[in-house]
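Residues per chain, in single letters:
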Amino acid sequence: MLDKAVIELCKDVDWVGMPHPDLKVFDDLFPTHNGTTYNSYLVQGSEKTALIDTVKAPFADAFFTKVGEKIKPEEIDIVVVNHTEPDHSGSLGRLLEINPDITVYCTKAAENFLKQLLNRDFNVHVVSDGEEVDLGGKTFRFILAPYLHWPDTMFTYLVEDKLLFSCDAFGAHYCPEKIFDDEIADFSYDFFFYFDCIMRPFKDKIREATAKIDGLDIEMVCPSHGPIRRSSGKGAISAYKRWAAPPPQGEKPRAVMAVLSSHGNTAGMADVVQKELENHGIEVTRFALSDMRDDDFRNALEQADLFLVGTPTIQRDAPPQVWHALTLISSVTPKARLGAIFGSFGWSGEAVKMVEARLAGLKYKLATDSLSFRFTPTEENLAACRDFAEQVAGTVLCEE
Ligand code: FEO
């Protein structure tokens, strides 16, 4: 079983990670259908020994016992922190108590985060992109890969053995019975789900990071969660490249319009706005927020040059379906951050301003001033909708 196993990847390189098979929700955020693992790797050169990442704090004792099968923790020279999130740095504080002479190799952002995660002094070596360190026949090359998925992240490449330690990238929340991909059943669903939940908001950064490892001779991809890619490392990297590809360029600018309309008045405004945008050559994909598949909406956002929200005001607030749609924005990489808001209200009309504030918080720029009316739009109001759409279209076409 993995909880007691130390598994050799190649001579003097071992997996010393910990399984967490009964984890149901990762970080209190994402469901894990098959648990996870916290992968840590021990690399022993002729002169120095290094750990690459540690494990989540509750597993520290079992982890130290495993590492102790190969070397006393007091004799470890280096801990490479590819990423500081506590599922990987959670045992580092305890390890530094045992062995305060360890030097942590990490990025500048990771150093800053660790200072406040550990709240103690430690020896640190901040690495630069492409820097190498030789442990004695085992050479690490550090490849900065920021925002995969935190500002602190990097890859570590073991030159002689051609192993890429990629931390969260190319990982999966999947707790296998055996650690190598060629010994277990297909886990592609969990691999994609992990990308979709954790990596998808950083597609541009994924493109930059995967370009950096183009041409690198890679025998295995060794992530920090789930199976080690002994036979499918190139496939995992290719999948990330495919999923993070830039959105296709359509012939026309595209708009996503998300509308909720309790009594048909906001929908009536949306009809006019949509028609006018289409008259200006903008392709509109419209979602009724009361009956929407999240994935369709997320995919459309990644291809849209404009995001319109049509919202009523219900009980002095935007309705939950509107707020839900807005929460999905940070789960993807929107193509553009240009928005426009409209809506009809009955009593007080706060929703449009609230949505404005939310979009501003998400770094959206407004294509024009928001538009709202009380109850049923008059002919005059509908003419204002046409003007609104004309101004929005002008901004979109200028940004093209
Ligand atoms: Fe597996 Fe971002 O921590």
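Residues numbered from 1 in each chain as written. Predicted model: local features only at pLDDT ≥ 70, side-chain atom pairs only at ≥ 80, totals over all residues. Heavy atoms only, no water.

(A) Fine view of the pattern of salt bridges. Inspection of the entire model under this criterion finds 22 salt bridges. One salt bridge connects R94 with D61, and the closest N-O pair in it is separated by 2.6 Å. In this pair, R94 sits in helix α3 (residues 92-98) while D61 sits in helix α1 (residues 60-70), placing the two residues 33 residues apart along the sequence. For R94, a relative accessible area of 36% puts it in the partly exposed group. In this structure, D295 and R298 form a salt bridge, with 3.0 Å as the shortest nitrogen-oxygen distance. In this pair, D295 and R298 both sit in helix α9 (residues 294-301), three residues apart, roughly one turn of the helix. A relative accessible area of 34% means that D295 is categorised as partly exposed. Residues participating in the shared-partner salt-bridge network are D196, R200, K203, D295, R298 and E302. (Salt bridge = Lys/Arg side-chain N within 4 Å of Asp/Glu carboxyl O. Helix = DSSP H or I, 4+ residues; strand = E, 2+ residues; numbered from the N terminus. Buried < 20%, exposed > 50% of the residue type's maximum accessible area, 1.4 Å probe, protein only.)

(B) Highlighting the side chain of N82. Within the element layout of this structure, N82 appears in the loop between β9 (78-80) and α2 (86-89). A distance of 2.7 Å separates the side chain of N82 from the side chain of T156, its partner in a polar contact. Those residues in contact with N82, other than ones at most four positions away along the chain, are I52, D53, D152, T153, M154, F155, T156, F165 and C167. (Polar contact = N/O pair within 3.5 Å; in protein donor to acceptor, adjacent residues only side chain to side chain. Contact = heavy atoms within 4.5 Å.)

(C) Representation of the packing of aromatic side chains within the structure. Counted according to the given criterion, the structure contains 22 aromatic pairs. Ring centres of Y240 and W243 lie 6.3 Å apart, and the angle between their planes is 40°; on these two criteria the pair is classed as tilted. Of this pair, Y240 and W243 both sit in helix α7 (residues 233-243), separated by three residues, roughly a single helical turn. The class of W243 is partly exposed, set by a relative accessible area of 22%. Members of the aromatic cluster, joined through ring pairs, are F155, F170, F191, F192, F195, Y240 and W243. Against the face of F191 rests R229, its NZ or CZ located 4.3 Å from the ring centre. Seen from the ring of F180, R230 lies directly overhead, with NZ or CZ sitting 3.9 Å from the centre. (Phe/Tyr/Trp six-rings, centres within 6.5 Å; stacked < 30°, edge-to-face > 60°. Lys NZ or Arg CZ within 6 Å of the ring centre and 35° of its normal.)

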